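For reference, the chains in residue letters:
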Amino acid sequence: MKLLNINRTLAALLIILSGFNLIAQDDNNGDDDTESKSMEKKGFHFGLFVGPYWANKSTAWLYDGHGLDAYGNENEFSNSLIYNKIINEYGGGYGQPDQIAQALGVDPSNSGGNTWHFTESDMPQNMHYTINFLVGLNMRYSVDKKSAIILNLNASKLKLNGNFTITTDVNPSQNQLTPSINTFSIVGQEQRMMFQFGYNRIIGNHKRVNLFLEGGLNATLAKFDKNFIQINNLTIDLTTGYIPPGSGVYPYQIYFPKHIGIGFGAFASGGLNITMSPKWTVQLLYSPTYDKVNLGPTPSYKIQHACGFRGYYNF
């Protein structure tokens, strides 16, 4: 009886294994068809790229409120954009109301014993780019099943953050017995567009998943877009200026050029190439660039980092 049960069990296992074997053979046949249709597909493939982008911090100082003069040099503190805005334009200079005091909630006349101060030591010291997203239109022309010429157009709107301080004095009527250091935000925004031309190579012979490498020339068009500070509910744009007639302030002291420039370098990428179907290919990649972001008086070559997802449609 036990022998009969064992034989029935073995027979059932053989039937199940035979079924899996037939299914696997069908899948293999489908993979062969996919390989012959997709890996050997020549011509143009168009795709989209999206992923995080880490900008090098070397150009972040351009957004720290100093600004550049008409000769392209960084302003001294007394001529800086942020000084002109806080002290002269919004802080009661030129005979205007003291909007800084209003935003801080202090008495601008000093009758209540509460004043505010902004000195060089209060200037932003920690400007940095946040993690931003890179999106793009990518194209390749497949020469054969493993080689392709690529042309990428990627763009990102970068944001920068930092902090500056304003000190308010003692105010016994509000139980403020020591000076208070108030921290506020300074924000920047920059636009970048990257043009890439290069060569892509598939590594491996798997029917669906292979490694790939690519590299080539990179051109980065960068534009200084926005720069402003936030003092509680008061937002101040640093990229515009006001000079009242007869103030004696020279225009170069608040000169703000619309920085824009293009720099050249190289890019490289590597990752996984996944054939999803005869029409669709997906790539997961890491793609650093070594280029010059041509903003400011002394641009230099630095490494920027990106990674993400790219999908190609094979026409």
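Residues numbered from 1 in each chain as written. Predicted model: local features only at pLDDT ≥ 70, side-chain atom pairs only at ≥ 80, totals over all residues. Heavy atoms only, no water.

> Any chance you could break down the overall build of the protein for me, citing the residues and the numbers?
If you tally the helices and strands in the protein, you get three helices and twelve strands. For the protein, the proportion of its 315 residues judged to be buried stands at 43%. In the protein, once contacts between residues fewer than 6 apart in sequence are set aside, the share between residues at least 24 apart is 71%. (Helix = DSSP H or I, 4+ residues; strand = E, 2+ residues; numbered from the N terminus. Buried < 20%, exposed > 50% of the residue type's maximum accessible area, 1.4 Å probe, protein only. Contact = heavy atoms within 4.5 Å.)

> I'd like a rundown of the nonpolar core, residues and numbers included.
Counting residues in hydrophobic clusters, the biggest one holds 42 residues, and the most contacted among them are I100, W116, F118, F164, I166, I229 and I231. Counting residues per element, the ones that place at least two in this core are β1 (43–54), α2 (81–89), α3 (99–104), β5 (147–168), β6 (180–203), β7 (209–231) and β8 (234–237). (Core = buried A, V, L, I, M, F, W, Y, C linked by side-chain atoms within 4.5 Å.)

> Residue-level account of α2, with values.
Burial analysis of α2 places seven of its nine residues in the buried class, which makes it a mostly covered element. Of the residues making up α2, those classed as buried are L81, I82, N84, K85, I86, N88 and E89. If you follow the buried residues of α2, they end up packed against α3, β2 (116–117), β5, β7 and β8.

> Got a sec to walk through the packing of aromatic side chains? Specific residues and values, please.
In the structure shown here, the tally under the stated rule is nine aromatic pairs. A centroid spacing of 4.1 Å and a plane angle of 10° characterise the contact between Y63 and F224, whose relative ring orientation is stacked. With a gap of 161 residues between them, Y63 in the loop between β1 and α2 and F224 in strand β7 connect regions that are remote in the sequence. Since its relative accessible area comes to 0%, Y63 is described here as buried. Relative accessible area serves as the criterion here: at 1%, F224 is assigned to the buried category. By way of ring pairs, the aromatic residues F77, Y83, F118, F164 and F184 are connected into one cluster. Note that R140 overlies the ring of Y312, its terminal NZ or CZ placed 4.3 Å from the centroid. (Phe/Tyr/Trp six-rings, centres within 6.5 Å; stacked < 30°, edge-to-face > 60°. Lys NZ or Arg CZ within 6 Å of the ring centre and 35° of its normal.)

> Can you lay out the side chain of N138 for me, pointing to particular residues and giving the numbers?
If you trace the backbone, N138 turns up in strand β4 (residues 132–142). A distance of 3.0 Å separates the side chain of N138 from the side chain of R310, its partner in a polar contact. Apart from the residues within four sequence positions on either side, N138 is in contact with H45, F46, G47, F49, L151, N152, L153, N154, R310 and Y312. (Polar contact = N/O pair within 3.5 Å; in protein donor to acceptor, adjacent residues only side chain to side chain.)

> Any chance you could break down unusual backbone geometry for me, citing the residues and the numbers?
Even without being a glycine, N232 presents a positive backbone phi close to 50°. By secondary structure assignment, the location of N232 is in the loop between β7 and β8. Residue class for N232 comes out partly exposed when judged on its relative accessible area of 43%.

> Go over the side chain of S269 with me, naming the residues and quoting the values.
Here S269 is to be found in strand β9 (residues 260–275). Its relative accessible area of 5% is what places S269 among the buried residues. Reaching out from S269, the side chain makes a polar contact with the side chain of S287 at a distance of 2.7 Å. Non-local contacts of S269, meaning those with residues more than four positions away in its chain, are made with F212, L213, E214, L285, Y286 and S287.

> Any chance you could break down the confidence of the model for the protein for me, citing the residues and the numbers?
Overall, the prediction assigns the protein a mean pLDDT of 83, with 77% of residues at 70 or greater. Predicted confidence is poor over residues 1–7, with pLDDT under 50, and the contacts of this stretch with residues over four places away or in other chains come to zero contacts. Predicted confidence is poor over residues 9–40, with pLDDT under 50, and the contacts of this stretch with residues over four places away or in other chains come to 22 contacts. (pLDDT = per-residue confidence, 0-100.)

> Please provide a residue-by-residue account of the pairing of strand β12 (residues 301–314), values included.
Both β1 and β12 contribute to a ladder of eight bridges, which runs antiparallel. Following the sheet pairing, H45 is matched in β12 by N314. Sheet topology places strand β10 (residues 280–286) next to β12; seven bridges connect them, and they run antiparallel. Residue Q283 lies in a different strand from β12, and its bridge partner there is R310. Pairing of strand β11 (residues 289–292) with β12 involves four bridges; the strand directions are antiparallel. Looking across to β12, one finds that T289 is bridged to Q304. (Pairing = 2+ DSSP bridges.)

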